[in-house]
Amino acid sequence: MPEVDLREPRDWIAAASRIVGFTGAGISTESGVPDFRSPNGVWARNRIIDFHEFVTSEQGRIEYWRQKVEAWPAMRLARPNAGHEAFVDLHRRGKLSALVTQNIERLHQKAGLPADKVLELHGTTTEAACLSCGDRITSDEACERVEAGEKAPLCRICGGLLKPATISFGQSMPLDVMQEAQAAAENCDLLLAVGSSLVVEPAASIPRLAKRAGARLVIVNRDRTALDDIADLVVHGEIGSVLPAMVDRAD
């Protein structure tokens with residue numbers, strides 16, 4: 001792949017004071033996190049259990065938890081890469097107003113971003129939450145309970161259904177997080193969309209909102225995305241190499 005000229009985006013980053021990051025699975029696959037949507041991804045190898053089936057079918061819950069236990073070790077062992085660290089660099093320089101992510105493994109926080117700076121549109125797989133009382137436990141504890149024989153564990157506080165704290169198909173998005181993400185997009189001067197195909201709604205509306213509000217939109221991804229045509233710049237390449245090089249010397 002030919003070397004990309006990054007002088008223009010570096011200048012834009014240098015001039016920006018309210019940058020919003022928007023990240024998808026592509027930034028974390030370089031950390032060994034399994035891809036969900038690709039032809040060889042998690043969903044191609046497993047039956048998708050939507051939210052309705054989870055809450056109405058014990059067999060659906062058992063299958064959901066089986067998949068969770070299978071996938072959890074790779075998620076737990078994953079470590080941030082240079083792409084995640086590039087956003088931490090922007091934060092430390094006072095340029096990053098928010099990091100909106102579709103990812104669920106909390107690698108941005110592990111890299112050093114404050115939790116209140118990260119807006120998790122699709123929840124997190126690092127915890128399990130009771131659908132009745134909202135009590136949360138770690139995924140380590142939840143998976144240990146499944147492996148010990150609780151095929152579809154229940155909340156030990158109220159007896160409600162315990163579910164990984166991710167947003168499943170058919171489950172409502174967290175309204176407060178979505179509103180925060182929209183507000184951040186409307187008030188930023190540069191949005192960096194990294195590692196997302198930008199096809200999943202309503203998450204993909206965030207970069208469009210920033211663009212309509214007058215911000216520059218820069219997309220960094222290995223492949224084409226659904227919003228390439230409206231971006232100010234599209235950079236194709238390995239995120240762990242391209243993004244740090246773009247952020248470096250941008251002051």
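Counting of residues starts from 1 at the beginning of each chain's written sequence and follows it residue by residue. In keeping with the model being predicted, local features are shown solely for residues with a pLDDT of at least 70 and side-chain atom pairs are shown and tallied solely at 80 or more, while totals for entire chains, interfaces and linings include all residues. Here the side-chain values reflect all heavy atoms present in the structure, with hydrogen atoms and water set aside.

Caption draft 1: Expanded view of the overall build of the protein. Under the scheme used here, helices are H or I runs from DSSP no shorter than 4 residues and strands are E runs no shorter than 2 residues, and both carry numbers assigned from the N terminus. Helix and strand counts for the protein stand at 11 helices and 9 strands. Radius of gyration (C-alpha) of the protein: 19 Å, near the 18 Å computed for a compact globule of 251 residues. Overall size of the protein, expressed as C-alpha extent along the three principal axes, is 55 × 35 × 30 Å. The contact definition used throughout considers only heavy atoms, calling two residues in contact when any of these lie within 4.5 Å. Restricting to contacts in the protein with at least 6 residues of sequence separation, those with at least 24 account for 68%. Entry remark: accessible area of the protein is about 11,800 Å², with carbon and sulfur atoms responsible for 49%. Only four residue types enter the charge count, namely Lys and Arg as positive and Asp and Glu as negative; His and the chain termini do not. Positions of charges follow a simple convention, taking NZ of Lys, CZ of Arg, CG of Asp or CD of Glu. Counting 29 positive and 35 negative side-chain charges, the protein places the centres of these two groups 1 Å from one another. Between the two quantities, the radius of gyration covers C-alpha atoms and the globule rule is 2.2 Å times the number of residues to the power 0.38. Note on areas: Shrake-Rupley with a 1.4 Å probe; residue coverage comes only from the protein chains shown.

Caption draft 2: The arrangement of the sheet that holds strand β2 (residues 96-101) in detail. Only when DSSP finds a minimum of two bridges between them are two strands counted as paired. An order of β3-β2-β1-β7-β8-β9 is seen for the 6 strands of this open sheet, with the pairing classed as parallel. Strands with a single pairing partner mark the edges of an open sheet, and in this sheet they are β3 (118-120) and β9 (233-236). Between one strand and the next, the sheet's axes are offset by a mean angle of 15 degrees, whatever the strand orientation. With 5 bridges joining them, strand β1 (residues 19-23) and strand β7 (residues 190-194) adopt parallel strand pairing. Helix axes use the C-alpha atoms of the stretch in contact, all axes being lines fitted to C-alpha atoms, and the angles between their N-to-C directions lie in the range 0 to 180 degrees.

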